[in-house]
Amino acid sequence: MTTTEPLLRLDDVTLTFPDGDSRITALDRVSLGLARGEIAAVTGPSGSGKSTLLAVASTLIRPDSGHVWFRGDRVVDLARLGRREATRVRRENIGMVFQQSNLLSSLTAIEQLEVTAHLGQRLVVPPATRRAVRDKARELLEAVGLADHAGKTAGQLSGGQRQRVNLARALMNDPRLLVVDEPTSALDQERGAAIMDLILSVVRERDTATLLVTHDRSHLHRTDIVYRVVDGRIEIDETATAAA
Ligand SMILES: Nc1ncnc2c1ncn2[C@@H]1O[C@H](COP(=O)(O)OP(=O)(O)OP(=O)(O)O)[C@@H](O)[C@H]1O
């Protein structure tokens, strides 16, 4: 890759899963590039491979073949990393927001963010670092409109509020890449629209490259490019992209 290369580049990525006696092709020779700060929507029918694409882009699954070039401190091929190195790259560079908020039920909103920041650090964290982490967590909770809810546990928050904490947590380590998988599917329409609006505003403001899987077409015009995945193959949705 040269310096003009994108943050993330998938080259001819294929991934299959076992399916009885045969295998199902979840990603079929997928290629795409995502520039720094670019927001890409990923649409397509159920079972077409969207979540699998995000899993590959965020090191959770290694594809059978192809390359997943990621430009962090140095350029690495996520498709070739061992588990340990993949975890390190993910923690340092990639934030994830999934359909369910999967917060730790006993922790308060601010603690959810702090735990993420301290993951991978030494067991004894210096007080100055702890303070800086807390300030950062407060600032992010404020950015997602939860400044007054920092002390509430996951169970004391509504679904929409939990998803806001989830977003703030995903941004805690200033990821170069954010992957977001159907963040509104567990919410009613109004709350879903508010979360989508928040995600798009926050990533744009922070210039965070984002891969956003969504069924909600009403926000596509706020993204930079719209992809469509059908049967594991990816193509640019020219009409939706032109309107973006
Ligand atoms: N862990 C797995 N084991 C076996 N098959 C899988 C696994 N994960 C996904 N698949 C299959 O791979 C294909 C793509 O699934 P994927 O979850 O990526 O689709 P999707 O587009 O995200 O669907 P949805 O919109 O319903 O979430 C599907 O046929 C699915 O059944």
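Residues numbered from 1 in each chain as written. Predicted model: local features only at pLDDT ≥ 70, side-chain atom pairs only at ≥ 80, totals over all residues. Heavy atoms only, no water.

It is worth spelling out the side chain of Gln 161 at this point. Within the secondary structure, Gln 161 is located in helix 5 (residues 159-170). At 2.9 Å, the side chain of Gln 161 and the backbone nitrogen of Ser 158 are in polar contact. Once you skip the residues sitting within four places of it in the chain, Gln 161 turns out to touch Leu 146 and His 149. (Helix = DSSP H or I, 4+ residues; strand = E, 2+ residues; numbered from the N terminus. Polar contact = N/O pair within 3.5 Å; in protein donor to acceptor, adjacent residues only side chain to side chain. Contact = heavy atoms within 4.5 Å.)

The six strands are arranged 6-7-8-3-9-10 in an open sheet whose pairing can be described as mixed. Every interior strand has two partners, whereas the edge strands, strand 6 (94-97) and strand 10 (233-236), have only one. In this sheet, adjacent strand axes meet at a mean angle of 20° when their direction is disregarded. As judged from the four bridges shared by strand 9 (residues 225-230) and strand 10, these two strands associate in the antiparallel manner. Of the residues in strand 10, the one forming a bridge with Tyr 227 is Ile 236. Most of the contacts of helix 1 (residues 50-57) go to strand 7 (residues 177-181), to which it runs at about 155°, and overall it touches strand 3 (39-43), strand 6, strand 7, strand 8 (209-213), strand 9 and strand 10. Against the sheet, helix 5 contacts strand 6 and strand 7, and its axis sits at roughly 170° relative to strand 6. (Pairing = 2+ DSSP bridges. Axes fitted to C-alpha atoms, helices over the stretch in contact; angles between N-to-C directions.)

This next bit is on the pattern of salt bridges. With the rule as written, the count across this model stands at 16 salt bridges. A salt bridge links Glu 85 to Arg 74; the shortest N-O distance between them is 2.9 Å. Of the two residues, Glu 85 sits in helix 2 (residues 83-93) while Arg 74 sits in the loop between strand 4 (65-71) and strand 5 (75-77), which places them 11 residues apart along the sequence. Each member of the salt-bridge network shares a partner with another, and the members are Arg 74, Glu 85, Arg 88 and Glu 92. (Salt bridge = Lys/Arg side-chain N within 4 Å of Asp/Glu carboxyl O.)

A cluster of nonpolar residues, Leu 104, Val 115 and Leu 119, forms a patch on the protein surface that exposes about 240 Å² of accessible area. Assignment of secondary structure puts Val 115 in helix 3 (residues 109-118). (Patch = residues over 30% accessible without salt bridge, like charges linked within 9 Å, V, L, I, M, F, W, Y side chains within 5 Å. Areas by Shrake-Rupley, 256 points an atom, 1.4 Å probe, with all protein chains shown as cover.)

Before going further, it helps to examine the sheet that holds strand 2 (residues 22-34). Strands sit in the order 2-1-4-5 across an open sheet of four strands; the sheet is antiparallel. Edge positions in the sheet fall to strand 2 and strand 5, since each has one partner strand and no second. Averaged over all neighbouring strand pairs, the angle between strand axes comes to 25°, with direction disregarded. Here strand 1 (residues 8-19) runs beside strand 2; their pairing, made up of nine bridges, is antiparallel. Within the sheet, the bridge partner assigned to Leu 15 lies in strand 2 and is Leu 27.

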